[in-house]
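Inside the fold
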Amino acid sequence: MPNRRFATGELVMGRWPGSVLYYEVQITSYNDLTHLYTVKYKDGTELELRESDIRSVSSFKPRKSNSSSSSPSRRSGSRSRSRSPGRSAKGKRRSSSQSRESRDEKKKTVRETNLTLLKLNENNTSRYNGEPDSTERNDTSYKILQKVESELEIGHVLDQYTLHPRRQKKKEEIFLEERVFETAKTTEKVSTQTKELEFGGRIGAFCMIFFLPATVFYLLLMCKQEDPSVMNFPSLPAFDSLWETRVFGVFLLWFFLQALFSLLPVGKVVEGMPLLNGRRLQYRINGFYAFVLTAAAVGNSLYFEIELHYLYDHFLQFAVSAAIFSVVLSIYLYARSLKAPKEELSPGGNSGNFVYDLFIGRELNPRIGNFDLKYFCELRPGLIGWVVVNLAMLLAEMKVQDRNVPSLSMILVNSFQLLYVVDALWNEEAILTTMDITHDGFGFMLAFGDLVWIPFVYSIQAFYLVNHPSEISWPIASAIIILNIFGYYIFRGANSQKNAFRRNPNNPKLAHLKSIPTAAGKSLLVTGWWGLVRHPNYLGDIIMALAWSLPCGFNHILPYFYVIYFTCLLIHREARDEHQCKKKYGLAWERYCQRVPYRIFPFVY
């Protein structure tokens, strides 16, 4: 075991993580296993530092200049050989001015170097508390950054404490400038290539492209059967019955109608999170207005007796049309990404493999002018379409079952999911900090998920109830309502708390919350909702998903597919978040996990 250089209680100078600045700290403890010192700053912040990030206080004390260290006789001799007082003073002023200019120039070089490296490597945004930023720097670039920072320490401290003779300054400046420029180019080159592949890598991505559409069609065919048991495999329909040009035309009309609504000059314009190049894209927040206009259009259609039952009769054909459109859109997105600048590519979808990059998405924010394709598809055609599909199923239930009013189960399903959609549109700005927008590229995964999976799988409970009625009593309905409200309360409370903290950590309303500072400049909440579990918003999501399925009864497991799928999806995303957060926040994330040991469910590790 290596010997300790610093004792507990000793005052030393500790480097602030992620910077080249040193502050006076006190050592509180030492971990023999990790060989890390726990230090306490003057403001009470406690962090764990490596021994290489700690220096003795004496090494930072200013040293005497060369002139003062020389003997009196030498100084006397120096004065005797000096020229006139006027020229001597003039020379001293010139020397002082040049030294100040040299120091200022060097400080400028160090600052510019830090800014350059930060632009290339820093993670700019966070989605949730403890969720990874939009662009995680890989291990190689992080090591390069640390190496350059260790060299920059010398130059930064040199101006203030003269740890090295002044005659070496110019030489070291040149060396640092060349080294930083070379390292910055290397970091940029490394960071543009995706190394860690998700979803099973290339083979997994290839399988998912076929598995996802097959799952959708299987579920829809099962709901149409009289006996939708899992083992009762449905018969495959005739191939020509899956396509109808008119249905595809209606889908295109819906898609471009929502695009038109999104382009209307209503709603505020906000900036997204910073990109790798420091630029911020602008987004118009008018999703709720688009929902209101869509509701008015649907209401007029019903008034003029345009039946939405057509959507139910051709539901499978609409799913096929949406799937084909999402495939064509994915191919277009991949083709256009080949000409996109490297700084506009997503950090996770640039592996160099065609299938994987097509699935994940190469370009982060593909735009046609100011029209952002990914942002539009996230909330508009699929999410608003989900509500329209549910309404069509409600009307279809009344017609198929010859009812004057819809069943209580159908009303609950429609109401719960309507609340979820309206909440997402009302809080549209919050989506700008999600991983879908800040990290994931726009490829088949998101295109198919937004345009097919959301409107055709999330509506499975309403589709199921059309041919499989489920009668529930008011006491049971009241219990289900309470459960949904409880899940929504957790979901909205957690997200609102996180968003408020991200916007203004010094908000007086959040003064009661405690947080852990990180080397990335962010803070992790350890009290409130985020002190109960690491992902309370996921917990609220799962509770609401259960409430949406319970009105369908327990005769078949099919309506609970969404609950099972959603739970598995969130567990996968939680594991993905854990991996990324550990890379990003390091020791701070380990401390957070010790304070908050439960992941999604309370008392479940």
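All residue numbers refer to position in the chain's written sequence, counted from 1. This being a predicted model, a pLDDT of at least 70 is required before a residue's local features are given, and a value of 80 or more before pairs of side-chain atoms are given or counted; all residues contribute to the totals for chains, interfaces and linings. Side-chain measures were taken over the full set of non-hydrogen atoms in the model, leaving aside hydrogen atoms and water.

A separate point is the overall build of the protein chain. We count a stretch as a helix when DSSP gives it H or I for four or more residues in a row; a strand needs E for two or more, and each element gets its number in order from the N terminus. Counting its secondary structure elements, the protein chain contains 20 helices and 11 strands. Residues classed as buried in the protein chain amount to 49% of the 605 residues present. Throughout, a residue-residue contact means that at least one pair of heavy atoms, one from each residue, lies within 4.5 Å. Within the protein chain, contacts between residues at least 6 apart in sequence are counted, and of these 73% link residues at least 24 apart. All accessible areas in this document rest on Shrake-Rupley with a 1.4 Å probe, and a residue is counted as covered only by the protein chains that are shown. Summed over all atoms, the accessible surface of the protein chain reaches about 30,500 Å², with 60% contributed by carbon and sulfur. We call a residue buried when its accessible area falls under 20% of the maximum for its residue type, exposed when it is over 50%, and partly exposed in between, using a 1.4 Å probe and counting protein chains only.

It is worth spelling out the packing of helix H19 (residues 561–585) against helix H20 (residues 587–595) at this point. Packed helices, taken two at a time, are described by the angle between their axes plus the distance between the axes. To obtain an axis, a line is fitted to C-alpha atoms, over the contacting stretch when the element is a helix, and the angle between two such axes runs from 0 to 180 degrees between their N-to-C directions. With their axes 6 Å apart at the nearest point, H19 and H20 run at an angle of 125 degrees to one another. Taken together, H19 and H20 sit at an angle that is classed as oblique. Of H20, the residues touching H19 (which contributes Glu578, Cys581, Lys582 and Tyr585) are Leu587, Ala588, Trp589, Glu590 and Cys593. Only Asp, Glu, Lys and Arg are considered charged, only Ala, Val, Leu, Ile, Met, Phe, Trp, Tyr, Cys and Pro nonpolar, and every remaining residue, Gly among them, polar. Looking at side-chain class alone, the contact of H19 with H20 contains 6 nonpolar, no polar and 3 charged residues. Our angle categories are set so that under 35 degrees counts as roughly parallel, over 145 as roughly antiparallel, 65 to 115 as roughly perpendicular, and the remainder as oblique.

Turning our attention to helix H18 (residues 536–549). Since there are 3.6 residues in each turn of an α-helix, residues three or four apart along the chain are aligned in direction. Here the expected span of a helix is defined as 1.5 Å times the quantity of residues minus one. Its 14 residues give H18 an end-to-end C-alpha distance of 21 Å, which sits within 8% of 20 Å, the value for a rise of 1.5 Å per residue. Within H18, 13 of the 14 residues are buried, which leaves it mostly tucked inside the rest of the structure.

Looking now at the pairing of strand E3 (residues 36–41). The element E3 is extensively covered by neighbouring structure, given that 5 of its 6 residues are classed as buried. One ladder, built from 6 bridges, connects strand E2 (residues 22–31) with E3; its direction is antiparallel. Bridging across to E3, Val25 finds its partner in Tyr41. As paired strands, E3 and strand E4 (residues 46–49) are joined by 4 bridges and run antiparallel to one another. The residue of E4 that forms the bridge with Val39 is Leu47. DSSP-based pairing: two strands are paired if at least 2 bridges between them are found.

Here we come to the sheet that holds strand E5 (residues 54–56). Strand order in this open sheet of 5 strands is E4-E3-E2-E1-E5, and the pairing throughout is antiparallel. Two strands bound the open sheet, and with one partner strand each, they are E4 and E5. Strand-to-strand, the axes of this sheet are offset by a mean angle of 50 degrees, without reference to chain direction. Sheet topology note: the strand E1 (residues 11–15)/E2 ladder contains 5 bridges and is antiparallel. In the strand pairing of E2, Leu11 is matched with Gln26.

Moving on: helix H12 (residues 373–400). If you check H12, its first and last C-alpha atoms are 38 Å apart, about what 28 residues at 1.5 Å a residue would give, namely 40 Å. Maximum bend of H12: about 25 degrees, positioned at Trp386. The buried fraction of H12 amounts to 23 of the 28 residues, a majority that puts the element mostly inside the structure. Pairs of N or O atoms within 3.5 Å make up the polar contacts considered here, provided that, within protein, one atom can donate a hydrogen while the other can accept it, and that residues adjacent in sequence are counted only when both atoms are side-chain atoms. Put simply, Asp372 is the residue that caps the front of H12, since its side-chain oxygen is 3.2 Å from the backbone nitrogen of Lys374. Of the residues one or two after H12, Asp402 is the one with positive phi, at around 55 degrees. Fitting axes to the seven residues that end at a residue and to the seven that start at it, the angle between those axes gives the bend at that residue.

Where helix H6 (residues 201–224) meets helix H10 (residues 315–337), the axes come as close as 10 Å, and the angle between the chain directions of the two elements is 175 degrees. Of the possible angle classes, the one that applies to H6 and H10 is roughly antiparallel. Packed against H6, whose contacting residues are Phe217, Leu220 and Leu221, the element H10 presents Phe315, Leu316, Ala319, Val320 and Ala323 at the interface. Here the contact of H6 with H10 is built from residues that sort into 8 nonpolar, no polar and no charged.

The next subject is the UniProt feature "transmembrane region" (unreviewed entry) in the protein chain. UniProt positions are given in the numbering used here, feature names are shortened, and annotations may be inferred rather than shown by experiment. Mapped onto the present numbering, the UniProt feature "transmembrane region" (unreviewed entry) falls at residues 203–221, 241–264, 285–303, 315–335, 446–466, 472–491, 511–530 and 542–566. Taken end to end, residues 285–303 has its terminal C-alpha atoms 29 Å apart, with 89% of it in helix and 5% in strand. A helix fraction of 100% and a strand fraction of 0% characterise residues 315–335, whose end C-alpha atoms lie 31 Å from each other.

What follows deals with the side chain of Glu198. Among the structural elements, Glu198 can be located in the loop between helix H5 (169–191) and H6. The exposure class assigned to Glu198 is buried, which follows from its relative accessible area of 18%. Apart from residues no more than four positions distant in its own chain, Glu198 is found in contact with Tyr356 and Arg576.

Looking now at the environment of Lys582. Mapped onto the fold, Lys582 is located in helix H19. Taking relative accessible area as the criterion, Lys582 reaches 52% and is therefore assigned exposed. For the pair Lys582 and Cys593, spaced 11 residues apart in sequence, the C-alpha separation works out to 9.9 Å.

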